[in-house]
Every structure is written in C-alpha cells, then in structure tokens.
Amino acid sequence: MPITLNGSGGVTGLTALPDSAMASGSILQVVSTTKTDAFSTTSTSYTDITGLSINITPSSSSNKVLVDFVIACGNNASTQNRFQLVRQVSSSDTVINPSAMDSSTAMFAVEAEDNNNNYSRAQVIYRFLDSPSTTSQVNYRLRTLMFSSSYTQYVNRAAFSTNTIGSSTLTAQEVAA
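Rules behind the numbers
- As a convention, each chain's residues are numbered from 1 in the sequence order in which they are written.
- Predicted model: local features are reported for residues with pLDDT of at least 70 only, side-chain atom pairs are reported and counted for 80 or more only, and whole-chain, interface and lining totals are derived from all residues.
- Neither water nor hydrogens contribute to the side-chain values; these are computed over all heavy atoms in the structure.
- Planes of paired rings set the category: under 30 degrees apart is stacked, over 60 is edge-to-face and the rest tilted, where pairs are Phe, Tyr or Trp rings (Trp by its six-membered ring) whose centres lie within 6.5 Å.
- Summary of the burial criterion: residues with accessible area below 20% of their type's maximum are buried, those above 50% are exposed, and those between are partly exposed, where the area comes from a 1.4 Å probe applied to protein chains only.
- Any Lys NZ or Arg CZ found within 6 Å of a ring centre and within 35 degrees of that ring's normal is scored as a charge over the ring.
- Only runs of H or I of at least four residues qualify as helices and only runs of E of at least two qualify as strands under DSSP, and these elements are numbered from the N terminus.
- By convention a nonpolar core is built from buried Ala, Val, Leu, Ile, Met, Phe, Trp, Tyr and Cys residues, the set being connected through side-chain atoms within 4.5 Å.
- Any carboxyl oxygen of Asp or Glu that lies within 4 Å of a side-chain nitrogen of Lys or Arg is treated as forming a salt bridge with it.

Novice: Would you mind showing me how to read the packing of aromatic side chains here?
Specialist: Within a pair of aromatic rings, the relevant descriptors are the distance that separates the centres and the angle that separates the planes. Within this structure, the stated rule accounts for 2 aromatic pairs. With a centroid separation of 5.5 Å and 25 degrees between ring planes, the pair formed by Phe147 and Tyr151 is classed as stacked. For Phe147, a relative accessible area of 44% translates into the label partly exposed. Against the face of Tyr154 rests Arg157, its NZ or CZ located 3.9 Å from the ring centre.

Take a look at the structure:
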C-alpha cells in the first residue's frame, strides 16, 4: 500500500515505522515495573529485591538500554543502604557499574538518619546507559544486603514503621544506535 499525505496533514498507508527507520537516540520500547509492597532482608549477601526485575529484548545488538530506578529504602542501623543493579543475559550475571566503595562492591550507598537516630527513609534515584550488545532477552534486577544479620534492610518502608511508605520503580528503555 502506498503512503499518502492528505491535504489536512494526515498520513494513510503507514501503520508503524520499522526500528531500523528510527533516528539515533529514539526510544524504541519501554519496560517498567513499580513495587508498592514492602521488602526486607537481613542477608549479608546480595539478595534480589522481589518485584524489581524486568526483561527487555533489544531489536539490534548496537542499541543501548537506558536503565533508571527510584528506590524508597531504610534500615534499622546507622549505616548505608546498599544496592546493586544486575544485568543477566543467557544466565550470566553482570553487576552494572560496581564501585570500589567497599569489598561488597556496592553500586552505590546512601545513608539517611534523622537527629534522633530514627533511621529515616531515603529515596535513591539512579540512571545508567547500558550497552548489552545482544538481541537476546536482557533481565535487569536490583539487589540489596545488610552488613550484619543483626539489622534489617527495607525497601518501601522505614525502620520506625511497619507500614509501606512509598514505592520503587525500575525502568528500561531501548535507545536506537
């Protein structure tokens, strides 16, 4: 079917542009999840945060994936909230952007505490432009740990309350090369 421009600016005969026709930097697909329930762990090893995992399948191995997340977090110790972003392709895990912050290779850490040691909730925002170099399904997920099993790491709640407070979101956008 031919593509036709009519006199009022409308287009007929075109249902969608193929990904290969999109300009560099165009967003080709978006996958997102929002966690609204609470999560907690006392694990001293990185453990997956349930509900903060997404899959995206790039249409070209040269395309990039823009991953961003917002985490509402807290703990019941005067310490940092530690998280990792992990990419999995074909059962192989890669920690994205680990830092030399400490031996646990925390991707980032944030500490939130009020003047009365109430260990208030923090909100962490992070964005990373990844190059997975594949057309296979890519899984992105978030993990957390606690430095001592005597304490608890929380997501979507603060230590001083048993109520869910806030929500956390993980989003992946395929970006045309």
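Okay, back to it.
Novice: Help me out: how do you make sense of unusual backbone geometry in this one?
Specialist: Excluding glycine, a negative phi dihedral is what most residues carry, and trans is how most peptide bonds are arranged. Of note, Ser91 is a non-glycine position whose phi angle comes to about 65 degrees, a positive value. Following the sequence through the fold, Ser91 ends up in the loop between strand 7 (81-89) and strand 8 (92-96). Even without being a glycine, Ser133 presents a positive backbone phi close to 55 degrees. Tracing the backbone shows Ser133 in the loop between strand 10 (122-130) and strand 11 (138-145).

Novice: I tried to follow the nonpolar core on my own but got confused; where do I start?
Specialist: A general tendency of soluble globular proteins is for nonpolar side chains to be buried together. Formed by 23 residues in total, the largest nonpolar core has its most connected members in Ile49, Phe69, Ile71, Leu85, Tyr140, Leu142 and Leu170. If you list the elements that add at least two residues to this core, you get strand 5 (47-56), strand 6 (64-75), strand 7, strand 10, strand 11 and strand 13 (168-175). Ranked by the residues each element gives to this core, the list is headed by strand 6, at 5 residues.

Novice: For this particular structure, what's the right way to read the pattern of salt bridges?
Specialist: Side chains that differ in sign of charge can pair as their charged atoms come close. For the coordinates displayed, the defined rule picks out 5 salt bridges. Measuring nitrogen to oxygen at the nearest pair gives 2.7 Å for the salt bridge that ties Asp93 to Arg141. With Asp93 in strand 8 and Arg141 in strand 11, this residue pair connects regions lying 48 residues apart in the sequence. Among the residues examined, Arg141 registers a relative accessible area of 10% and is labelled buried. Within this structure, Asp48, Asp93 and Arg141 form a network of salt bridges that share partners.

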